[in-house]
Amino acid sequence: MEATVLNEAQLELLRMMAAFNTPEAVKDLKQAISDYFAQKADEELERLWDEGILTDAKVESFRTLHERTAYK
């Protein structure tokens, strides 16, 4: 089995995990991480909108978008 090498950021997160020793703390951490990524997604959507890459017409086209793989 091949060993996994962690980078410094991953190691720092593991060190911080020692403080999360209750279910409530883990729940709060999950929420904080979720909020962080939701904020990043909002920022990216805002950037796309400001640059004209995302428009009302583009968003409306998502209503009829079919991305599923056809299995026959």
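Structure report, in brief. Quantities reported herein were computed from a predicted structural model and do not represent experimental measurements. (Residues numbered from 1 in each chain as written. Predicted model: local features only at pLDDT ≥ 70, side-chain atom pairs only at ≥ 80, totals over all residues. Heavy atoms only, no water.)

1. Details of the overall build of the protein
Scanning the protein for helices and strands turns up three helices and zero strands. Over its C-alpha trace the protein gives a radius of gyration of 20 Å, far above what one expects of a compact globule, namely 11 Å for 72 residues. By principal-axis analysis of the C-alpha atoms, the protein measures approximately 50 × 40 × 25 Å. Taken over 72 residues, the protein has a buried fraction of 4%. When the accessible surface of the protein is summed, it comes to about 7,100 Å², and 58% of that surface belongs to carbon and sulfur atoms. On the protein, the mean spot of the 9 positive side-chain charges and the mean spot of the 15 negative ones are 8 Å from each other. (Helix = DSSP H or I, 4+ residues; strand = E, 2+ residues; numbered from the N terminus. Rg over C-alpha atoms; globule rule 2.2 N^0.38 Å. Buried < 20%, exposed > 50% of the residue type's maximum accessible area, 1.4 Å probe, protein only. Areas by Shrake-Rupley, 256 points an atom, 1.4 Å probe, with all protein chains shown as cover. Lys, Arg positive; Asp, Glu negative; His and termini not counted. Charge placed at Lys NZ, Arg CZ, Asp CG, Glu CD.)

2. Structural notes on helix α2 (residues 23-50)
Relative to the 40 Å expected for 28 residues at 1.5 Å per residue, α2 spans 40 Å between its end C-alpha atoms, a close match to the ideal helical length. Gly52 sits one or two positions beyond α2 and adopts a positive phi of about 80°. (Expected span 1.5 Å × (residues − 1).)

3. Considerations on the packing of aromatic side chains
In total, this model carries one aromatic pair according to the counting rule given. A centroid spacing of 5.1 Å and a plane angle of 80° characterise the contact between Tyr36 and Phe37, whose relative ring orientation is edge-to-face. Owing to a relative accessible area of 54%, Phe37 belongs among the exposed residues under this scheme. (Phe/Tyr/Trp six-rings, centres within 6.5 Å; stacked < 30°, edge-to-face > 60°.)

4. Notes on the environment of Gln10
Looking at the secondary structure, you find Gln10 in helix α1 (residues 8-17). Look at Gln10 and you get partly exposed, because its relative accessible area is 36%. Sequence spacing of Gln10 and Ile53 is 43 residues, and the spatial spacing of their C-alpha atoms is 34 Å.

5. Some remarks on the pattern of salt bridges
In this structure the tally under the stated criterion is six salt bridges. Across the pair Arg15 and Glu8 runs a salt bridge whose closest N-O atoms are separated by 3.5 Å. With relative accessibility at 53%, the residue Glu8 sits in the exposed group. Close ionic contact of Glu44 with Arg47 constitutes a salt bridge, the shortest N to O distance being 2.4 Å. Separated by three residues within a single helix, Glu44 and Arg47 lie in helix α2, roughly one turn from each other. Through salt bridges with shared partners, a single network forms among Glu8, Glu12 and Arg15. (Salt bridge = Lys/Arg side-chain N within 4 Å of Asp/Glu carboxyl O.)

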